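# Fold and geometry: a report
For reference, the chains in residue letters:
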Amino acid sequence: MAASALHEIGVDKLRGVGPQLAGKLQKLGLHSVQDLLFHLPLRYIDRTKITAIGGIQPLTEVVIEGEIKASDVVFGRRRSLVCRIQDHSGTITLRFFHFNQAQQQSLQAGTQLRCFGEVRRGKAGLEMYHPEYQHLNQAKPPALAETLTPIYPATEGVTQQRIRDLCGQALQRLDTHRLEDLLYADLDSPRLTYSLVDALRLLHNPPPGTALNLLAEGEHPAQQRLAAEELVAHHLSLLRLRQKIQQQGAPALAPNEAASQRFLEQLPFTLTSAQQRVATEISADISQSLPMLRLVQGDVGSGKTVVAALAAVQAIASGMQAALMAPTEILAEQHRVNFETWLKPLGIRIAWLTGKLKGKGREVQLAAIADGSAQIIIGTHALFQEGVEFHNLGLTIIDEQHRFGVHQRLALRKKGANLDADTEGLGSTPHQLIMTATPIPRTLAMSAYADLDCSVIDELPPGRTPVETVVLNNLRRNDVIERVRASCTIGRQAYWVCTLIEESDVLEAQAAEATAQELQLMLSELSIGLIHGRLKPKEKVQIMQAFKDGEINLLVATTVIEVGVDVPNASLMIIENSERLGLSQLHQLRGRVGRGSENSHCVLLYQPPISGNSAARLKIMRETNDGFKIAEKDLEIRGPGEVLGTRQTGDMQFHIADLQRDSHMLPEVKTIALTLLQQYPENVDLLIARWLGHSEQYGQA
Ligand code: ADP
Ligand code: MG
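Quick caveat: nothing in here was measured; it's all calculated off a predicted structure. (Residues numbered from 1 in each chain as written. Chains lettered and ligands numbered in written order. Predicted model: local features only at pLDDT ≥ 70, side-chain atom pairs only at ≥ 80, totals over all residues. Heavy atoms only, no water.)

### So, the sheet that holds strand 12 (residues 376-379)
- Read from one edge to the other, the open sheet built from 7 strands follows the order 11-12-10-13-14-9-15, with strand pairing classed as parallel. Only two strands of the sheet have a single neighbouring strand rather than two, namely strand 11 (350-353) and strand 15 (453-457). Across the sheet, the mean angle separating the axes of adjacent strands is 20 degrees when strand polarity is ignored.
- Here strand 11 runs beside strand 12; their pairing, made up of 4 bridges, is parallel. Counterpart to Leu 353 in the pairing with strand 12 is Gly 379.
- Helix 9 (residues 273-286) rests against strand 9 (293-298), strand 13 (393-398), strand 14 (431-436) and strand 15 of the sheet, and its axis sits at about 155 degrees to strand 15. (Pairing = 2+ DSSP bridges. Helix = DSSP H or I, 4+ residues; strand = E, 2+ residues; numbered from the N terminus. Axes fitted to C-alpha atoms, helices over the stretch in contact; angles between N-to-C directions. Contact = heavy atoms within 4.5 Å.)

The structure is reproduced here in structure tokens:
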């Protein structure tokens with residue numbers, strides 16, 4: 001008999017699974033017996049041994065045995081049945097809020113019991129609320145659990161007992177059915193000492209004596225074996241994505257020496273060698289008929305925009321459109337201003353689109369985008385929403401990508417594939433350039449952006465002086481205000497950034513307004529501007545322009561100015577409640593100064609008392625200006641979710657792997673993934689399906 005594969009056996013084939021339960025399991029993503037095998041416990045409890053009552057620690061779950069010494073119904077705020085139970089080493093209280101007559105009868109003094117439950121500190125010393133219990137027959141004590149008891153992720157409407165039973169049945173099928181070890185053992189990695197099946201058996205049913213502390217930390221070799229496999233699956237899913245996109249082909253955008261020269265000549269500076277190197281990489285990529293998928297990392301102020309503009313010039317010189325998407329209106333507007341200065345002299349036509357552009361103005365822009373009279377289109381994510389038809393998009397540039405998740409990246413790619421007949425023969429998907437100013441630690445980039453090639457602009461334009469940072473208690477606020485006065489009086493400009501814990505535009509705007517008023521009272525001779533997310537786009541633009549033109553001395557702002565804002569004359573930045581922000585965000589904000597040749601300063605105000613963690617963050621900010629170092633520290637302190645941005649986190653959910661804990665295996669994961677792709681391509685989709693399900697995200701690129 002040819003046994004069918006475990007991923008082909010539905011959960012409804014298991015004992016006790018009717019249509020209703022099968023439906024619930026479906027909702028949890030558990031369709032097949034294989035899915036159950038990969039549904040791993042979150043943690044374990046030890047019911048394999050009896051703990052002496054005298055040795056119990058609060059907040060642990062233990063099995064105890066003893067004799068009931070007293071049993072009373074107590075009328076407190078809630079009526080409860082209270083039993084004192086004793087063994088040779090001590091006593092503990094059992095407390096039941098729900099009980100019936102029969103139960104009370106069966107829990108009389110003198111009864112021998114075995115109980116299991118969580119121990120808490122209660123009114124009467126250590127207590128167990130509603131323990132599970134069994135009556136003891138000394139002659140024939142009930143058997144203890146033979147393995148550690150797994151606790152599975154909470155599953156609505158399916159009890160732990162039921163899930164344990166189903167996983168148990170799934171494990172039994174391993175005796176008769178093969179579960180393909182898709183990471184072939186001859187890959188010969190120390191990660192793979194456990195076979196897949198052994199690892200699964202152990203994790204569903206750890207034998208007594210299995211190191212619970214290792215299991216709790218996810219450091220047990222069996223867990224590490226599966227974590228490695230899961231990371232390989234993720235890595236492969238991104239590589240697959242890349243393959244799929246690259247199968248589509250792209251328009252070859254030939255380098256145009258004359259156009260690039262004209263562009264470079266009218267810039268007020270020359271490119272740094274890092275900019276030149278990255279520009280050359282991009283130029284070579286987009287001249288191919290294979291879609292470019294490239295991430296450009298560069299610290300704040302390293303000059304990514306101009307490199308992107310150069311790529312756009314190459315696209316436009318080949319008769320194609322380029323689109324530049326920024327995460328905020330302010331940044332999009334600033335790009336528009338820059339690109340107009342740089343590209344208008346070359347006769348390049350620019351269109352502009354944000355979500356807030358409505359009515360006639362919008363129609364005009366849409367028409368220009370659709371008929372090709374717009375050659376570069378700048379905007380926010382509105383660029384890639386319904387109703388926007390490009391004429392012939394050849395290059396998509398996404399700025400400050402850390403604000404966008406994988407899904408948005410995919411949506412953009414799909415959009416770009418809507419090329420019309422005019423471009424026949426030119427390929428079907430635009431080249432993609434992604435820029436991020438949050439440097440991403442190498443290992444993390446490797447796994448979160450495995451679908452992208454990576455370039456790094458690792459040099460700042462000449463003449464920049466590092467921003468000097470001080471950390472000050474808010475009690476010193478008046479000194480800081482004096483410092484702003486002194487700086488603005490000699491013609492410099494400053495930012496004052498207000499931060500809030502809640503992500504509320506309204507509250508943040510209110511806080512900034514109040515601060516602006518306070519500062520205006522104290523600094524009556526200065527012109528103070530206010531900018532926040534609640535202003536109309538037009539107003540934001542006007543205020544930014546006034547600040548740029550030097551009409552505003554001090555700009556009070558919320559974190560809307562976090563990315564991209566570029567006013568070189570601003571040389572002082574105050575960040576209030578800086579202890580609330582993460583390192584990367586602080587670094588971004590601080591990057592708004594230090595853009596000119598003047599010495600720049602950043603004051604991080606904090607409101608005491610602050611936690612050790614916050615203090616450590618602020619100390620790092622004081623010590624370094626290096627975005628890559630800061631990102632590494634951020635990763636250590638806050639973990640990958642924060643470093644990649646919250647949006648990314650949702651995209652990077654793992655069953656068992658943990659990017660931070662397991663980051664040491666990422667280089668090896670990459671090697672294994674590449675080997676599989678080359679030597680065992682038939683395993684790749686199976687592995688992806690095993691760990692990521694048949695998620696649409698990866699199905700269609
Ligand atoms: P980021 O990489 O943070 O996006 P920008 O592209 O905004 O940086 O560039 C920061 C500032 O540096 C801008 O004012 C830009 O015009 C300027 N800049 C870029 N490249 C150079 C260069 N090679 N020399 C001097 N200034 C430059
Ligand atoms: Mg930028």
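### Focus: the packing of aromatic side chains
- Counted under the stated rule, the structure contains 7 aromatic pairs.
- Where Phe 38 meets Trp 691, the ring centres are 4.9 Å apart and the plane angle is 80 degrees; that geometry is what we call edge-to-face. Taken as a pair, Phe 38 in the loop between helix 2 (33-37) and strand 1 (43-45) and Trp 691 in helix 24 (residues 681-692) lie far apart in primary sequence, 653 residues in all.
- A relative accessible area of 4% means that Phe 38 is categorised as buried.
- An angle of 85 degrees between the planes, with centres 5.8 Å apart, marks the rings of Phe 96 and Tyr 133 as edge-to-face. You can see Phe 96 sitting in strand 4 (residues 91-96) and its partner Tyr 133 sitting in strand 7 (residues 132-135), a full 37 residues away along the chain.
- Ring pairs connect the aromatic residues Phe 263, Phe 339 and Trp 342, which therefore count as one cluster. (Phe/Tyr/Trp six-rings, centres within 6.5 Å; stacked < 30°, edge-to-face > 60°. Buried < 20%, exposed > 50% of the residue type's maximum accessible area, 1.4 Å probe, protein only.)

### A closer look at the site of ligand 1
- Residues in contact with ligand 1 amount to 16 residues; listed here are only the nearest, Gly 301, Lys 304, Thr 305, Arg 464 and Asp 566.
- The contact in question runs from an oxygen atom of ligand 1 to an N or O atom on the side chain of Lys 304, over 2.7 Å.
- For the shell around ligand 1, the per-class residue count stands at 4 nonpolar, 7 polar and 5 charged. (Near = heavy atom within 4 Å. Polar contact = N/O pair within 3.5 Å; in protein donor to acceptor, adjacent residues only side chain to side chain. Nonpolar A, V, L, I, M, F, W, Y, C, P; charged D, E, K, R; others polar.)

### Side note on the nonpolar core
- Counting residues in hydrophobic clusters, the biggest one holds 132 residues, and the most contacted among them are Leu 236, Phe 263, Leu 343, Ile 376 and Leu 433.
- If we skip the residues at most four places from it in the chain, Leu 343 touches Phe 263, Val 313, Ile 348, Ile 350 and Ile 376.
- Of all hydrophobic cores here, the second largest spans 32 residues; its members include Ala 546, Phe 547, Leu 555 and Val 593. (Core = buried A, V, L, I, M, F, W, Y, C linked by side-chain atoms within 4.5 Å.)

### Things to note about helix 23 (residues 666-679)
- The end-to-end C-alpha distance of helix 23, which contains 14 residues, comes to 20 Å, matching closely the 20 Å that a straight helix rising 1.5 Å per residue would cover.
- For helix 23, the full list of buried residues reads Leu 666, Glu 668, Val 669, Ile 672, Ala 673, Thr 675, Leu 676 and Leu 677. (Expected span 1.5 Å × (residues − 1).)

### So, helix 9
- In a regular helix each residue adds 1.5 Å, so 14 residues correspond to 20 Å; helix 9 covers 20 Å between its end C-alpha atoms and thus fits that length.
- Within the sequence span of helix 9, burial applies to Ala 274, Gln 275, Val 278, Ala 279, Ile 282, Ser 283, Asp 285 and Ile 286. Along the axis of helix 9, the buried positions cluster into a sector of 165 degrees, meaning they face one direction only.
- Among the structural elements, strand 9, helix 10 (304-317), strand 13, strand 14 and strand 15 are those in contact with the buried residues of helix 9. (Arc of directions from axis to C-beta.)

### Points about the packing of helix 9 against helix 10
- At a minimum axis separation of 10 Å, helix 9 and helix 10 run at an interaxial angle of 30 degrees. Judged by the inter-axis angle, helix 9 sits roughly parallel to helix 10. Where helix 9 crosses over helix 10, the two elements pack in a sense that is right-handed. On helix 10, the residues that touch Gln 275, Val 278, Ala 279, Ile 282, Ser 283 and Ile 286 of helix 9 are Val 306, Val 307, Leu 310, Ala 311 and Gln 314.
- In terms of residue class, the contact of helix 9 with helix 10 is built from 8 nonpolar, 3 polar and no charged. (Parallel < 35°, antiparallel > 145°, perpendicular 65-115°, else oblique. Left-handed = near helix turned anticlockwise from the far one by under 90°.)

### Points about the sheet that holds strand 16 (residues 468-473)
- Ordered by their spatial adjacency, 6 strands build an open sheet running 16-21-20-17-19-18, and the pairing between neighbours is parallel. Two strands in the sheet have a free side with no partner beyond their single neighbour: strand 16 and strand 18 (528-531). On average, adjacent strands in this sheet sit at an angle of 20 degrees to one another, irrespective of strand direction.
- Of the pairings in the sheet, the one linking strand 18 to strand 19 (residues 554-557) comprises 4 bridges and is parallel in character. Residue pairing in the sheet places Gly 529 in a bridge with Leu 555 of strand 19.
- Sitting on the sheet, helix 18 (residues 583-590) touches strand 16, strand 17 (493-497), strand 20 (570-575) and strand 21 (601-606), and the angle it makes with strand 20 is about 150 degrees.

### Comments concerning the pattern of salt bridges
- Under the counting rule described, the total for this entry stands at 28 salt bridges.
- For the salt bridge of Asp 685 with Arg 240, the shortest nitrogen-to-oxygen distance reads 2.9 Å. On the criterion of sequence distance, the pair formed by Asp 685 in helix 24 and Arg 240 in helix 7 (residues 221-248) is long-range, its members being 445 residues apart.
- Across the pair Asp 285 and Arg 294 runs a salt bridge whose closest N-O atoms are separated by 2.7 Å. For the pair shown, Asp 285 and Arg 294 are each scored as buried. (Salt bridge = Lys/Arg side-chain N within 4 Å of Asp/Glu carboxyl O.)

### Details of the side chain of His 587
- Within the element layout of this structure, His 587 appears in helix 18.
- Look at His 587 and you get buried, because its relative accessible area is 5%.

### Structural notes on the environment of Gln 57
- Mapped onto the secondary structure, Gln 57 falls in the loop between strand 1 and strand 2 (61-75).
- For Gln 57 and Thr 515, which are 458 residues apart along the polypeptide, the C-alpha to C-alpha distance reads 50 Å.

### Focus: unusual backbone geometry
- Note the cis peptide between Pro 608 and Pro 609, where omega equals 0 degrees.
- Of note, Pro 609 is situated in the loop between strand 21 and helix 19 (612-623).
- Residue Leu 59 is not a glycine yet carries a positive backbone phi of 65 degrees.
- Residue placement: Leu 59 occurs in the loop between strand 1 and strand 2.

### Things to note about the pairing of strand 2
- Pairing of strand 2 with strand 5 (residues 112-122), which is carried by 7 bridges, proceeds in the antiparallel orientation. For Glu 61, the partnering residue across the bridge sits in strand 5 and is Glu 118.
- As paired elements, strand 2 and strand 3 (residues 79-86) share 8 bridges and run antiparallel to each other. Looking at strand 3, one finds that Ile 68 is bridged to Ile 85.
- Between strand 2 and strand 3, which follow one another and run antiparallel, lie 3 residues.

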